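This is what each chain is made of:
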Amino acid sequence: MFDKVLIANRGEIALRIHRACREMGIRTVAVHSEIDANAMHVRLADESVCIGPAPAPQSYLNIPAIVAAAEISGAEAIHPGYGFLSENARFAEIVEEHGITFIGPRSEHIRLMGDKLAARDKAIELGLPIVPGSDGAVSESAEAARVAAELGYPVLLKAAAGGGGRGITLVRDEAELTGAFTRTQQEAEAGFGDGSLYVEKFLERPRHIEIQVAGDVHGNVVHLGERDCSVQRRHQKVVEEAPSPALNEAQRAEIGGRVADAMKKLGYSNVGTVEFLYENGAFYFIEMNTRLQVEHPVTEFVTGIDLVREQIQLASGAPLSFTQDDIKFSGHAIECRVTAENARTFTPSPGKVGTYHAPGGMSVRVDSAVYAGYSVPPSYDSLIAKLVVHGRNRNEAMMRLRRALEEFVVDGIDTTIPLHQALIANQDFANGDYDVKWLERLLESGH
Ligand code: ADP
Ligand code: ADP
Ligand code: MG
């Protein structure tokens, strides 16, 4: 096992990884930008290295600075967290070329799935159903129009290199297509350095259901059930839960088994998530995330498995610490992503936190790097806390979540706590009756 791990991230996920390392007796090296010098992940780590100024390209995306920090500190492995360099195949390769272990899948799998078009082709080859769409990239709007006419409107234009809910444009009819094509291509070029686009049939009321997988370098792959991440705004997840209110045990075993088999064929190792849309009883592959996901704690609650510890063990070459039969699902977990934004207008609200009180009590978990007096910098993702609860059933989880949200105090900045309160008080949510556009409809109606 490693003696020292460098954590190439910030915020709650850097803390999450630090905690797993600590429990395993592994020393941690934090990296941070100048603006994050007083951040919690820096304070808790055994060592820290400043890797550059606040803008991410000069710090958290600065590969030479991060690799140098690992070499200087003698870290044997690097955990990339999510976002930043976590899905950068070249980073994984460079790390390995320096004799440092990358805590994640093989770089070839990161590269493959990072290109959503290649991922679609691979999904077909592996026998997973995909959303109907163009056969490869569409290089000009006339070609997109031909495909869209065949599929029938509405369609989505998607950036092959997109992520984080960006690079996806809804096109209602042919009149909108040319403008949408130019705009999305420019956005993709600017945001991801790759303007390749493809067309997908727009599903009107799907759920987003994803399957968590874990694999070792000896060829074993298991699934850890699903997460329902249908509560979204602008293609970004807001609330996630496990199990999905839409699936029963047999359906879970069926789709989970198919995904695990597919990943075994691929030779996938470490953790990953295969994302699907689910409509009228059918699954449609949309993409695969070759990393730890933001919402991994809901799976940890219902399985009792520490996914980050497992990631570290798997990266060191250990076999999976459980078999498919060992995985037992228990109860229900729900996660709320709390961001530093106004709950009505979604205007970002960075700044200094006054009083901070995180909820606690039975089966309540708060993953956050915030403390009283902390300043939320404007430079990064607005996620400031994940509130996750567990209950023996969905009702109990909801009761606990309602209570925990009431207890949560973050003064001095706007947060989305009031949005979460409104959302879970809604009858549709209580019934588990929602799809990926449900929250946007609720917000439009003024909830
Ligand atoms: P998850 O699937 O784990 O819920 P998200 O889509 O919320 O992940 O993304 C997690 C973080 O990673 C966010 O900060 C998001 O902005 C960032 N991210 C994800 N994919 C990309 C990408 N392709 N390029 C840049 N940032 C990304
Ligand atoms: P990202 O890489 O940004 O996470 P995804 O392909 O995973 O992009 O899609 C993000 C979200 O966009 C989905 O969870 C879903 O809400 C919506 N979406 C994506 N593809 C479709 C589709 N074909 N029809 C309807 N909604 C879609
Ligand atoms: Mg996605």
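Residues numbered from 1 in each chain as written. Chains lettered and ligands numbered in written order. Predicted model: local features only at pLDDT ≥ 70, side-chain atom pairs only at ≥ 80, totals over all residues. Heavy atoms only, no water.

What surrounds ligand 1 is a group of 16 residues, the closest being Arg 291, Gln 293, Glu 295, Arg 337 and Asp 381. Residue Asn 289 places a side-chain N or O atom 3.4 Å away from an oxygen atom belonging to ligand 1. In the environment of ligand 1, an oxygen atom lies 2.9 Å from a nitrogen or oxygen atom belonging to the backbone of Val 294. Coverage of ligand 1 by the protein amounts to 75% of the 550 Å² it exposes when considered alone. The greatest single-element share of the shell around ligand 1, amounting to three residues, is contributed by strand E6 (residues 155–163). Taken together, the residues that form the shell around ligand 1 break down as three nonpolar, six polar and seven charged. Two domains each donate at least three residues to the shell around ligand 1, and these are domain 2 (132–201) and domain 3 (207–444). (Near = heavy atom within 4 Å. Polar contact = N/O pair within 3.5 Å; in protein donor to acceptor, adjacent residues only side chain to side chain. Areas by Shrake-Rupley, 256 points an atom, 1.4 Å probe, with all protein chains shown as cover. Helix = DSSP H or I, 4+ residues; strand = E, 2+ residues; numbered from the N terminus. Nonpolar A, V, L, I, M, F, W, Y, C, P; charged D, E, K, R; others polar. Domains from an automatic or database assignment.)

We now examine the pairing of strand E2 (residues 27–33). Among the seven residues in E2, six count as buried, and that is most of the element. Regarding topology, helix H1 (residues 11–23) serves as the crossover connection from strand E1 (residues 4–7) to the parallel E2, and that connection is right-handed. (Buried < 20%, exposed > 50% of the residue type's maximum accessible area, 1.4 Å probe, protein only. Right-handed = clockwise from strand over helix to strand, strands pointing away.)

We now examine the coordination of the magnesium ion (ligand 3). Tetrahedral coordination by four donors places them ideally at 109.5 degrees to one another around the metal; octahedral coordination by six donors ideally gives 90 or 180 degrees. Binding of the magnesium ion (ligand 3) to the protein goes through Glu 275 (OE) and Glu 287 (OE), at separations of 1.9 to 2.1 Å. Highlighted residues: Glu 275 in strand E12 (residues 270–279) and Glu 287 in strand E13 (residues 282–289), separated in sequence by 12 residues. As far as the burial class goes, Glu 275 and Glu 287 line up, both buried. (Donors = N, O, S within 2.8 Å, 3.2 Å for Na, K, Ca; no water.)

What follows concerns the packing of aromatic side chains. Describing an aromatic ring pair means giving the distance of the ring centres and the angle of the ring planes. Evaluation of the coordinates by the stated rule reveals 12 aromatic pairs. Consider the rings of Tyr 60 and Tyr 380, whose centres lie 5.5 Å apart with planes at 80 degrees: the pair is edge-to-face. Linking Tyr 60 in the loop between strand E3 (47–52) and helix H3 (63–73) with Tyr 380 in the loop between strand E18 (375–376) and strand E19 (383–391), this pair joins segments that are 320 residues apart in sequence. Given a relative accessible area of 0%, Tyr 60 falls into the buried group. Seen in terms of ring centroids, Phe 276 and Phe 285 are 6.3 Å apart; in terms of plane orientation they differ by 80 degrees. Their pairing is edge-to-face. For Phe 276, a relative accessible area of 0% corresponds to the buried category. Look at Phe 285 and you get buried, because its relative accessible area is 2%. Over the aromatic face of Tyr 371 sits the side chain of Arg 43, whose NZ or CZ is 4.4 Å from the ring centroid. Stacked on the ring of Phe 346, the Lys or Arg Arg 233 has its end atom at 3.5 Å from the ring centre. (Phe/Tyr/Trp six-rings, centres within 6.5 Å; stacked < 30°, edge-to-face > 60°. Lys NZ or Arg CZ within 6 Å of the ring centre and 35° of its normal.)

Moving on, we get to the state of the cysteines. Taken as a whole and assessed by the stated rule, the structure comprises zero disulfides. Not part of a disulfide, Cys 336 finds its nearest cysteine sulfur in Cys 229, a span of 13 Å. Judged by relative accessible area, which is 0%, Cys 336 ranks as buried. (Disulfide = S-S within 2.5 Å.)

Strand order in the open sheet formed by five strands is E3-E2-E1-E4-E5, and the pairing between neighbours is parallel. Single-partner strands in this sheet number two, and they are E3 and strand E5 (101–102). Of the pairings in the sheet, the one linking E2 to E3 comprises five bridges and is parallel in character. Of the residues in E3, the one forming a bridge with Ser 33 is Gly 52. Relative to E3, H3 is tilted by about 155 degrees, and along the sheet it contacts E1, E2, E3 and strand E4 (77–79). (Pairing = 2+ DSSP bridges. Contact = heavy atoms within 4.5 Å. Axes fitted to C-alpha atoms, helices over the stretch in contact; angles between N-to-C directions.)

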